[in-house]
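Coordinate analysis (summary)
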Amino acid sequence: MSDGRSSRDAAREQVLRQAAALRGRARDATYAYSFAEARRLLREALAVLDTLDASGDVELTALRVYVLVSLAYAETEGGPIAVGLEHLDAADALLATIPDGARRTELAGAVLQQRGFLLIRAGRIDDGLEELDVAAQWLESGLASGFGDPNVLASLYLNQSLAHIGRAQPRLAARALERCIELCDQHEVHPIIGIKARHNLGYVAYMTGDMPTALRYYEDTARSCQTRAPGMLPVVRLDQARALLAAGLVENAARHLDEALPLLRRRRAGQDVAEAEVTRAAAALLEGDVRRAARLARSAERRFTRRGNTRWAAIAALAELRAATVAALGARRIPESLPTKAVKLSEHLRALMLEDETELALMLAVRLEIARGEPAAAALLLDQVRRPRATSPVDHRMLRRLCRAELAVAEGNPRAALAEARAGLAELGRARDRMGGLELVCGTAIHGQELGELGTRLVLQAGRTNVRQLFGWLERTRAQVYRYEPMPTIDDPVLAEKVDELRSKRRAVQLERVAGRPARRQARQVAMLEREIVSQGWYATPWGRPKPVATFADVASALGDRALITFATSGDELVAVVATASRARLVRLGSASLAGEWAARLHADLDALAPDSLPGAMAAVVARSASRTADALDAQLVRPLHGLLDRSVRTAARALDTQLVRPLSTLTGGRELIVVPTGALYAVPWGSLPSLAGCPVVVAPSATAWLAAERGEHHGDRVVLARGPLLTEAIAEEGPLRTIYPNSVRLSGTAATVSTVLDALDGAGIAHLAAHGAHEPTNALFSRLELADGPLFAHELSRLREPPRQVVLAACELAMNHIRPGDEALGFAGALLAGGVRTVVAAISRVGDLAAATAMVDYHTSVAAGTRPAVALAEAIAADPFRRPFICLGAG
């Protein structure tokens, strides 16, 4: 008899151990987002438990309850939520067989916690929160009495935070996460729960508009996931993408999502796949790919519907409606059914208590009715749009302002429309001030793009355009990053360590390639490290306080004999505001797209003409093409302005033959020009245009940026000549520049390291840097120059107590050729200007070594003789304008 009991006891212990081990492995698979593997293991655990009769056996019954609870989640992630709820119903039925007491309360709390979570995943947030509140009381009581699993209670608070996030209650979400992290610190909780909690703190920061903090949490989580929870990484990338979209960094967000989606689809993580598709649809819309946005939104809606998640299905339907609205407005054909569809969807969203989404659907209906010529209907709908909440997204706020402005236009009140646009841009400015990093400051411009364009169009359409008002409007809407004080030093030891590691690895790759070896593995490591550093720079590079936008009076008082030309577009119309010390005038210059085509052609011609080894006959053909293109661009951009730049030559300017134009420097008596380009015009080598031959031209991102550089103080006069590796001997500073600057600090070879160059630059008057360089389109602060021990990043100039007065980038194409919405001109040169350098000389296109060398000798000879940079550069370019495509940026 005792032998039989012992045999049954041994079999029972073996079943318990085996089933518990399978459940533990399933839990690890779940945390690794391997839901199919988790489902397999949990079903196997149930099969093992089925080999014994659990009647009256509390431990066997309790283990079955826990397996069913885990299986409910694993099943839900791959299929309908109803299946998971059925498993929880089965677990509830088992609870009735367990006597009252602490054990039963613990198990009931675990079942209730999981039921609450599944209801939240199904979009039934209020129902889910009710279940979690009750479960929390039971589990907290049990844990205080020494019973229960702290993993379950920590998970409860993690899930509770998701519900509060869904209800736009960031404070409650943060409180739940703090309790979750406290439990993780006090007990032996699975580390993935703590990682998820800190990740969710990033989402709370995202909700409140604190993008730098959100991105810091996400990047910290991503680093933890790489070693401890790689399966979670795609979910982290999804939330990173949401924050990046809010900050206007569309390319970065799209890349994260394009990497995450295939992984999520392979795992059949239904909810996360669908959420990622909705977010990718939003990115596609900002990229201008309306068809892809609609396709992704429809796919997401189908997935949510299959899962029974009505809230998220409605959000996906809203994403599809947004794509349809953009398409209809772009085509200027508004189906009568589309506004009706938007209103019906808004009613459905309100019933689901999705407040922000409700307002968005209504605002889409408003814009559609305005476009249909129904302002009365639009006004009725706009009255239903509630004021934004503290957590309302910035793009929703800007859309509300846009609706109010467009309605004012439709009602014949352009003054009210301008007031709305002005107020919207001020609101956007306040959001920008919180962004921190340079890239985030720049990116927000995308959300105010339509408001800015509307304001510009209204000013231009006025019966008699107020040019000074237009000037002020343009300054308010472009290149806002240059309004901020120079960046402070980046005090981030982790970032500094990674930058040092990157320098070492990049140098190793260079040496391998010089030796004729491919270095593919090292190159991949470098690429991964660069990406990590760039993303960390989004939150580790806080920007300074904003300065006021320059007024026309401010600029006019500083111009003296100079003239400022601000180019702008409205639709396809290109205009120029010409400002002198005494007046401002508007000139309409024709098609913006045509000017952009000519600028692109000239840029391509100069690239083709650059190589020193180009055969003479081919060089002649390309030069003729460049000459024709430059003349066409000149005819559109510059010649119409002659009469405004100098009244004494107005008559002569009218009489000029358009095929034979005297240099503008002759016409204006050497008047210096400050040019503020727009869009494609940033690629124009102004010294190559025939009317500007020999004319000093300074290029600035805005009049505000020019004025800041002009007023900047600098007292150093030291000259620094630094030469990076892998340059040809033709680069100029090795010879003639040493003669021109006999007392200069000279750094080359192994002496030209990052630290020695930075030390020499601190307080320098002129820094001539001959080194290969590269733009970092995703973060200008990490554009770089290659030195002896690796890259010198633009942000490292923040270490300097006093940046150089003037920086010459002699051997690479590092002018501002990465233009974002809002004419935010970025690149190595742009980062230098934003960091406090007054003047930057750089090439706008490729330049041959010999052409660069001779141009730089001519330039520095003049500068050393006391000539101002803009004048010296104009003289140097005039000798060979198509082979010397340099521009003077900042102040001249």
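Predicted, not measured: the structure shown is a model, and the values here were computed from it.

Another aspect to go through is the overall build of the protein chain. A tally of regular secondary structure across the protein chain gives 37 helices and 16 strands. For the protein chain, the share of sequence-separated contacts (at least 6 apart) that also reach a separation of at least 24 residues comes to 72%. Summing over all exposed atoms, the protein chain offers an accessible surface of approximately 35,600 Å²; the carbon and sulfur share of this is 51%.

With that settled, the discussion passes to the sheet that holds strand 9 (residues 773-774). Across the sheet, three strands lie side by side as 9-10-11; this open sheet has antiparallel pairing. A strand with exactly one partner marks an edge of an open sheet, and here the two such strands are strand 9 and strand 11 (790-793). Across two bridges, the pairing between strand 9 and strand 10 (residues 784-787) is antiparallel. Looking at strand 10, one finds that alanine 774 is bridged to arginine 784.

Along any regular strand the residues' side chains alternate between the sheet's two faces. In terms of residue burial, strand 15 (residues 839-843) counts as a mostly covered element, since five of its five residues are buried. Of the two faces of strand 15, the one holding Thr839, Val841 and Ala843 and the one holding Val840 and Ala842 are both buried throughout. With three bridges connecting them, strand 12 (residues 806-809) and strand 15 associate as parallel partners. What sits directly across from valine 808, in strand 15, is valine 841.

Moving on to the sheet that holds strand 3 (residues 584-591). Read across the sheet, eleven strands follow the order 3-2-1-4-5-16-15-12-8-6-7 without closing on themselves; strand pairing throughout is mixed. Strands with a single pairing partner mark the edges of an open sheet, and in this sheet they are strand 3 and strand 7 (745-747). Looking at each pair of strands side by side, their axes are set apart by 20° on average, direction ignored. Running at roughly 105° to strand 1 (residues 563-570), helix 22 (residues 449-461) makes contact with strand 1, strand 2 (573-579) and strand 3 of the sheet. Its contacts with the sheet place helix 26 (residues 552-559) against strand 1, strand 2, strand 3 and strand 4 (673-676), and it is angled at close to 145° to strand 1.

Moving on, we come to the nonpolar core. If you look at the biggest cluster of nonpolar residues, it comprises 108 residues, and the most contacted ones within it are Leu318, Val555, Leu564, Trp706, Tyr859 and Phe886. With ten residues, helix 15 (residues 310-331) is the largest single contributor of residues to this core. Aside from chain neighbours lying at most four places away, what touches phenylalanine 886 is Leu809, Ala810, Val841, Ala842, Ala843, Val847, Ala852, Ala855, Met856, Leu873 and Ile877. Among the nonpolar cores identified, the runner-up in size contains 106 residues, and Ala136, Leu158, Ala173 and Leu261 belong to it.

A few words now on helix 10 (residues 211-228). For an α-helix, 3.6 residues make a turn, and residues three or four places apart therefore share a direction. Along its 18 residues, helix 10 runs 25 Å from first to last C-alpha, staying within 8% of the 26 Å computed at 1.5 Å per residue. All of the buried residues along helix 10 are Met211, Pro212, Thr213, Ala214, Leu215, Tyr218, Glu219, Thr221, Ala222 and Cys225.

Bringing the confidence of the model for the protein chain into the picture now. Parts of the prediction with low pLDDT should not have their coordinates interpreted in detail. Looking at the protein chain as a whole, its pLDDT mean stands at 84, while 87% of the residues score no less than 70. When pLDDT is averaged over each element of the protein chain, helix 18 (residues 375-383) comes out on top at 96 and helix 30 (residues 650-655) at the bottom at 33.

Summed over the entire model, instances satisfying the criterion amount to 46 salt bridges. Linking glutamate 420 and arginine 404 is a salt bridge whose minimum nitrogen-to-oxygen distance equals 2.8 Å. Taken together, the residues glutamate 420 in helix 20 (residues 414-433) and arginine 404 in helix 19 (residues 394-410) connect sequence positions 16 residues apart. Here arginine 883 ties to aspartate 612 by a salt bridge, and the two come within 3.7 Å at their closest N and O atoms. Taken together, the positions of arginine 883 in the loop between helix 37 (869-878) and strand 16 (886-890) and aspartate 612 in the loop between helix 27 (592-609) and helix 28 (616-637) put the pair 271 residues apart, joining distant regions of the chain.

With their axes 8 Å apart at the nearest point, helix 5 (residues 102-121) and helix 6 (residues 125-144) run at an angle of 160° to one another. Classified by the angle their axes make, helix 5 and helix 6 are roughly antiparallel. Helix 5 and helix 6 meet at a crossing whose hand is left-handed. Taking contact as the criterion, the partners of Thr105, Glu106, Ala108, Gly109, Ala110, Leu112, Gln113, Arg115, Gly116, Phe117, Leu119 and Ile120 in helix 5 are, on helix 6, Ile125, Asp127, Gly128, Glu131, Leu132, Val134, Ala135, Trp138 and Leu139. Across the contact of helix 5 with helix 6, the residue classes break down as twelve nonpolar, five polar and four charged.

Rules used in this analysis
- Residues numbered from 1 in each chain as written.
- Predicted model: local features only at pLDDT ≥ 70, side-chain atom pairs only at ≥ 80, totals over all residues.
- Heavy atoms only, no water.
- Helix = DSSP H or I, 4+ residues; strand = E, 2+ residues; numbered from the N terminus.
- Contact = heavy atoms within 4.5 Å.
- Areas by Shrake-Rupley, 256 points an atom, 1.4 Å probe, with all protein chains shown as cover.
- Pairing = 2+ DSSP bridges.
- Buried < 20%, exposed > 50% of the residue type's maximum accessible area, 1.4 Å probe, protein only.
- Axes fitted to C-alpha atoms, helices over the stretch in contact; angles between N-to-C directions.
- Core = buried A, V, L, I, M, F, W, Y, C linked by side-chain atoms within 4.5 Å.
- Expected span 1.5 Å × (residues − 1).
- pLDDT = per-residue confidence, 0-100.
- Salt bridge = Lys/Arg side-chain N within 4 Å of Asp/Glu carboxyl O.
- Parallel < 35°, antiparallel > 145°, perpendicular 65-115°, else oblique.
- Left-handed = near helix turned anticlockwise from the far one by under 90°.
- Nonpolar A, V, L, I, M, F, W, Y, C, P; charged D, E, K, R; others polar.

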